[in-house]
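For reference, the chains in residue letters:
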2 protein chains.
Amino acid sequence: MSKKESNKDLSFDFDFLDKLVVGIGEVSQITGIPTRQIRYWEEKGIITSLTEEEGKNRRYNYENIKKMLLIKEMIDEGYTLDASAEKVKKRMEMIEETLNKLTKK
Amino acid sequence: MSKKESNKDLSFDFDFLDKLVVGIGEVSQITGIPTRQIRYWEEKGIITSLTEEEGKNRRYNYENIKKMLLIKEMIDEGYTLDASAEKVKKRMEMIEETLNKLTKK
DNA sequence: CAATAATTGTAAATTATTTACAATTGCAAA
DNA sequence: TTTGCAATTGTAAATAATTTACAATTATTG
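Procedures and definitions
- Residues numbered from 1 in each chain as written.
- Chains lettered and ligands numbered in written order.
- Predicted model: local features only at pLDDT ≥ 70, side-chain atom pairs only at ≥ 80, totals over all residues.
- Heavy atoms only, no water.
- Least-squares fit on C-alpha atoms with pLDDT ≥ 70 in both.
- Contact = heavy atoms within 4.5 Å.
- Near = heavy atom within 4 Å.
- Polar contact = N/O pair within 3.5 Å; in protein donor to acceptor, adjacent residues only side chain to side chain.
- Helix = DSSP H or I, 4+ residues; strand = E, 2+ residues; numbered from the N terminus.
- Nonpolar A, V, L, I, M, F, W, Y, C, P; charged D, E, K, R; others polar.

Asks: Tell me about the relation of the copies chain B and chain A, residues and numbers included.
Replies: Two copies of the chain are present, and they differ by a rotation about an axis and a shift along that axis. Once chain B has been moved 0.0 Å along the axis and rotated by 180 degrees, it coincides with chain A to within an RMSD of 0.0 Å. The symmetry that links the two subunits is that of a two-fold axis. The C-alpha atom lying nearest the rotation axis in chain B is that of V22(B); the distance is 3.3 Å. With an isologous cut-off of 70% or more, the 100% of interface residues of chain B that recur at the interface of chain A puts this contact in the isologous class.

Pasting the structure below:
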C-alpha cells in the first residue's frame, strides 16, 4: 500500500465527519431525541442548524449532533435545558481549544 | 474528568459511526454521487441499503457510504463499475479482517 | 456499426419535514 | 393549592424530498 493511500485511510474518518450533514430524521434516529424536541431546542436558540433557506429541510453537522447528545446527557442528570446548554457550550469550547493545541503545527 | 467520562469521549466516534444511518440525499451530498446513480448501483446489487420496507426511504450506514466512496475512486481510476465493486468488496473484507485481529481480546 | 454497460430524465405517487397555533405536563415559589 | 414559567408534545395543511417505473441517452468494447 502506497504512502498516499495509507494516509488517506488514516485521515478518512476525519474527512468524513467534516462532510457529514444529515437531516432531522436521521439525527433523531441517531440520538434518540424526538424531532419535535430538536425543533424546539432550535427555536429556543440552543442549537443552530445549517439550513440555508427557510422552509427547506433542516441540516445538521457532526458538531450539532454531538452537542445534542451532550445536552441530552446533562438533562438526564437533572440540569435544566438552559443550564445544560450553557455547560455543554463551555465544554465544547474547551475541547475545541485542546484540539487546536494538539493539531497546531 | 472521571475515568468513565474519559472513556466515553474516546469511544464516542465509534459509537457514533455505529448508529449513523442517513438518507440518500445526505449520502449524495457527502459523496458527491448523484442520487440517481446511487439508486442505479443499488438496483444492480452493487450496494445494499438498510431500507426496511419497499416504498420507504432508503437508509445507508457508514459501511455503505465508505463503499460508495471507494467505488467512486476506482471508477475515476478507470475501472468498470463491476470491477470496481469487486475490488472494493475484497478490500473491505481485508480491512474488516485486520480490524477483527486488532480488536480481538 | 452492434451490443452491452452505465448513466440520466422524469411523471405520478408516496413519504418526510416545515411552520404555526395550541394544548399539556412538570416543577418551584407564593 | 394555585400561579407562573419552562419544557415538551400534538397536529393540520403546505411543502420538500424520495420512490418506483418506464424510457432515453451516452460510453465503451468487439
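From this point, the narrative continues.
Asks: Break down the protein's contact with DNA strand C for me, with residues and values.
Replies: Residues in contact with DNA strand C amount to 18 residues; listed here are only the nearest, R58(A), R36(B), Q37(B), Y40(B) and K44(B). Taking the atoms of DNA strand C that fall within 4 Å of the protein, sugar and phosphate contribute 62% of them. Here a phosphate oxygen of DNA strand C sits 2.8 Å away from a polar atom, N or O, in the side chain of Q37(B). Taking W41(B), its side chain carries an N or O atom lying 2.9 Å from a phosphate oxygen of DNA strand C. Contributing elements (two or more residues each) for the surface near DNA strand C: α2 (24-31) and α3 (35-43) of chain A together with α3 (35-43) and α5 (81-103) of chain B. Here the surface near DNA strand C gets 4 residues from one element, more than from any other, and that element is α3(B). Its residues placed into classes, the surface near DNA strand C shows 4 nonpolar, 7 polar and 7 charged.

Asks: Run through the protein's contact with DNA strand D, naming residues and quoting values.
Replies: Near DNA strand D lie 20 residues; those nearest to it are R36(A), Q37(A), Y40(A), K44(A) and R58(B). For DNA strand D, the backbone portion of the atoms within 4 Å of the protein, that is sugar and phosphate, comes to 62%. Take K44(A): an N or O atom from its side chain is 2.8 Å from a phosphate oxygen of DNA strand D. A distance of 2.5 Å is found between a phosphate oxygen of DNA strand D and a backbone nitrogen or oxygen belonging to R58(B). Of all elements in the fold, only α3 and α5 (81-103) of chain A together with α2 (24-31) and α3 of chain B reach the threshold of two or more residues within the surface near DNA strand D. With 4 residues, α3(A) is the largest single contributor of residues to the surface near DNA strand D. The residue inventory of the surface near DNA strand D, partitioned by class, reads 5 nonpolar, 7 polar and 8 charged.

Just geometry here; none of it tells us what the structure is for.
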